[in-house]
Amino acid sequence: MINDVINFDRFVDEPLQAGARVALALEYQGSAYRGWQSQDKPRVATVQDELEAAISSIAATAVTVICAGRTDAGVHATHQLVHFDAPVARSLKAWVAGVNAKLPKDIAVQWAKLVPNDFHARFSATARRYRYIILNQARRSAHLATGLTLVDQPLDAELMHREAQVLLGEQDFSAFRAASCQSKTAMRNIHFANVSRHGRYVVLDIGGNAFLHHMVRNIAGVLIAVGSGQMPQGWTESVLASRDRSQGGVTAKPHGLYLVDVTYPEHYQLPASRIGPDFVLP
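Residues numbered from 1 in each chain as written. Predicted model: local features only at pLDDT ≥ 70, side-chain atom pairs only at ≥ 80, totals over all residues. Heavy atoms only, no water.

## Observations regarding the UniProt feature "domain: Pseudouridine synthase I TruA alpha/beta" (unreviewed entry) in the chain
Argument step 1. Following the UniProt record, the feature "domain: Pseudouridine synthase I TruA alpha/beta" (unreviewed entry) maps to residues 25-123 and 164-265 here.
Argument step 2. As annotated, residues 164-265 comprises 22% helix and 30% strand, and the C-alpha atoms at either end are separated by 27 Å. (UniProt positions renumbered as here; feature names shortened; annotations may be inferred. Helix = DSSP H or I, 4+ residues; strand = E, 2+ residues; numbered from the N terminus.)

Shown next, in the form of structure tokens:
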């Protein structure tokens, strides 16, 4: 059964053994939460708290989960991966339908899978992918009040794309890390960084082996400044070369940022992610 994802025609009521390691794919709208990670002081709403409470309710005992990447306050996910060791025998159906019944409407489990005990949602991951979604129009939208960032100045998406190409490869991203970043090194390997326009939406689609604290939002902020004409062409490369965060301009708002994919070695046979968000791209 190790290769079976939840399937409502097979195995749905067959309990997994207690102690089995389970991977969950999760999506959430982060506007109402102070990020992914539980916070004790002060006690605030987090995605981790909501998910652990729901899983613990199904398990009838406390359960802790490990995530692939901790998102900040206001940041969303269309494909967050978590794992936990099930303390009791429950079916895959229970870990999806049962947990979803206990979650608020802005958090949803997409699938559950039995994985080997060496699987780790964070340390087994080989790459992460984010999308930053910009609503590029003159005035805000009442129907799109959350889930994206409004930029009311015209953006040159083609210029932003060209600017972003200097970020590719393994480089020192000190100029794009938050002052509070605790990573021991600012070296990161960016696999792709694409900017494209889809009607009134401008989308930054970026993937790499890992990201520093606020790194994607800082990159988005620089690209927006160039794309709007506030800063000259070539500024992205100058900021990168400076290795100085004070040269990097404004951190883009969290509302438009989505964790959309996490990559793992093929032998874990995890289902392919559904790249989102749904309201922008197929």
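## Considerations on the domain arrangement of the chain
Argument step 1. Under the domain assignment used here, the chain contains domain 1 (20-124) and domain 2 (127-258).
Argument step 2. Between the C-alpha centres of domain 1 and domain 2 there is a distance of 27 Å.
Argument step 3. Domain 1 puts eleven residues into the contact, and the matching count from domain 2 is ten residues.
Argument step 4. Here domain 1 and domain 2 share an interface that buries about 810 Å² over both sides, 50% of which is from carbon and sulfur atoms.
Argument step 5. Counting the surface domain 1 buries against domain 2, the share from its top three residues, Asp72, Val75 and His76, is 51%.
Argument step 6. Summed over the shared surface of domain 1 and domain 2, the number is zero salt bridges. (Domains from an automatic or database assignment. Contact = heavy atoms within 4.5 Å. Buried area = accessible area lost by both parts, 1.4 Å probe. Salt bridge = Lys/Arg side-chain N within 4 Å of Asp/Glu carboxyl O.)

## What to know about the packing of helix α3 (residues 157-164) against helix α4 (residues 215-227)
Argument step 1. As a packed pair, α3 and α4 sit with axes 9 Å apart at the nearest point and diverge in direction by 135°. The orientation of α3 with respect to α4, classified from their angle, is oblique. Seen from above, α3 lies across α4 with right-handed handedness. For the pair α3 and α4, contact is made by Leu159, Met160, Glu163 and Ala164 and by Leu223, Ile224, Val226 and Gly227, respectively. (Axes fitted to C-alpha atoms, helices over the stretch in contact; angles between N-to-C directions. Parallel < 35°, antiparallel > 145°, perpendicular 65-115°, else oblique. Left-handed = near helix turned anticlockwise from the far one by under 90°.)

## Side note on the packing of α4 against helix α5 (residues 235-242)
When two helices pack together, you describe them by how their axes are tilted relative to each other and by the distance separating the axes.
Argument step 1. In contact at an axis separation of 9 Å, α4 and α5 are set at 145° when each is read in the N-to-C sense. Together, Val222, Leu223, Ala225 and Val226 of α4 and Trp235, Thr236 and Val239 of α5 make up the contact between the two elements.
Argument step 2. Looking at the contact of α4 with α5, its residues break down into six nonpolar, one polar and no charged. (Nonpolar A, V, L, I, M, F, W, Y, C, P; charged D, E, K, R; others polar.)

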